[in-house]
Amino acid sequence: MSKKIKSSLIFIIGYLLSPLSWWNDIIINLPIAYIFAFPFGLISEKIFLPMMIFGYWVTNVVGFILLHHSTKKLIGKQDEKQNSLTKNLLISIFYTILVLLLAKVGILKFPSNYFK
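Each chain carries its own residue numbering, running from 1 in the written order of its sequence. In keeping with the predicted nature of the model, local features appear solely for residues at pLDDT of at least 70, side-chain atom pairs appear and are counted solely at 80 or more, and the whole-chain, interface and lining totals rest on all residues. The side-chain numbers reported here are obtained from all heavy atoms of the structure, hydrogens and water having been left aside.

J.: Which residues make up the environment of Ile93, and what are the values?
T.: Examined against the element boundaries, Ile93 turns out to sit in helix α4 (residues 85-104). For the pair Ile93 and Trp57, spaced 36 residues apart in sequence, the C-alpha to C-alpha distance is 9.0 Å. Labels follow the DSSP assignment, with helices taken as runs of H or I lasting at least four residues and strands as runs of E lasting at least two, numbered in each case from the N terminus.

Laid out in structure tokens, this is it:
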């Protein structure tokens, strides 16, 4: 696979994981975070939500890292114009609050609780 195609695929994956694609959370990041937190929920339901939030933040950070890495490879030099870190952190905080609210109202919960 050529270097340009590989870097482009990494860029797409990074974009999909990052908070830059605002629509991705419900179909990509939250399911990944849920799957990540599930084994911890089996140990203790109290750590399910914190691990889900942690997993969500990890998906966003990995997305940024993949975007940065692939952009450097595609451009072949350091990108002088970088995305606003403050903006990206605020988006991540917003979605974290959204996940907390969804969990508090009972939409997101550990699977065994759906059957109670």
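J.: An account of helix α2 (residues 25-43) is needed here, citing residue identities and associated values.
T.: Each full turn of the α-helix corresponds to 3.6 residues, which orients residues three or four apart in the same direction. Multiplying one less than the number of residues by 1.5 Å gives the expected span of a helix. The end-to-end C-alpha separation of α2 is 26 Å, in line with the 27 Å expected for 19 residues at 1.5 Å each. To get the bend at a residue, fit one axis to the 7 residues ending there and another to the 7 starting there, then take the angle between the axes. Along its length, α2 shows its largest kink, about 35°, at Ala37, and proline Pro39 lies within four residues downstream of that point.

J.: Any details on the packing of aromatic side chains? Residues and values, ideally.
T.: Centre distance within 6.5 Å is the pairing criterion for rings of Phe, Tyr and Trp, where only the six-membered ring of Trp is used; planes under 30 degrees apart are then read as stacked, over 60 as edge-to-face, and the remainder as tilted. In the structure shown here, the tally under the stated rule is three aromatic pairs. The interplanar angle of 50° and the centroid separation of 5.4 Å between the aromatic rings of Phe36 and Phe40 together place this pair among those described as tilted. With Phe36 and Phe40 both in helix α2, this residue pair falls four residues apart, about one helical turn. In this structure an aromatic cluster arises from ring pairing among Phe36, Phe40 and Phe54.

J.: Describe helix α3 (residues 48-75), naming the residues involved and giving the relevant values.
T.: With 28 residues, α3 ought to run about 40 Å at 1.5 Å a step, and its terminal C-alpha atoms sit 40 Å apart, in line with that. Whether a residue is buried, partly exposed or exposed follows from its accessible area with a 1.4 Å probe, protein chains only, as a fraction of its type maximum: under 20%, in between, or over 50%, in that order. Among all positions in α3, only Phe48, Met51, Met52, Ile53, Gly55, Tyr56, Thr59, Asn60, Gly63, Leu67, Ser70 and Thr71 are buried. Backbone geometry just after α3 places Gly76 at a positive phi near 85°.

J.: I'd like a rundown of the nonpolar core, residues and numbers included.
T.: As used here, the term nonpolar core means buried Ala, Val, Leu, Ile, Met, Phe, Trp, Tyr and Cys residues forming a set that is joined through side-chain atoms within 4.5 Å. Within the largest apolar cluster, 14 residues are counted, with the highest numbers of intra-cluster contacts made by Leu30, Ala37, Phe48, Met52, Tyr56, Val99 and Leu108. Residue assignment for this core shows that the elements contributing at least two residues are α2, α3 and α4. At five residues, the largest contribution of residues to this core is made by α3. Contacts: residue pairs with any heavy atoms within 4.5 Å of one another. Setting aside anything within four residues of it in sequence, one finds Ala37 in contact with Phe48, Met51 and Met52.

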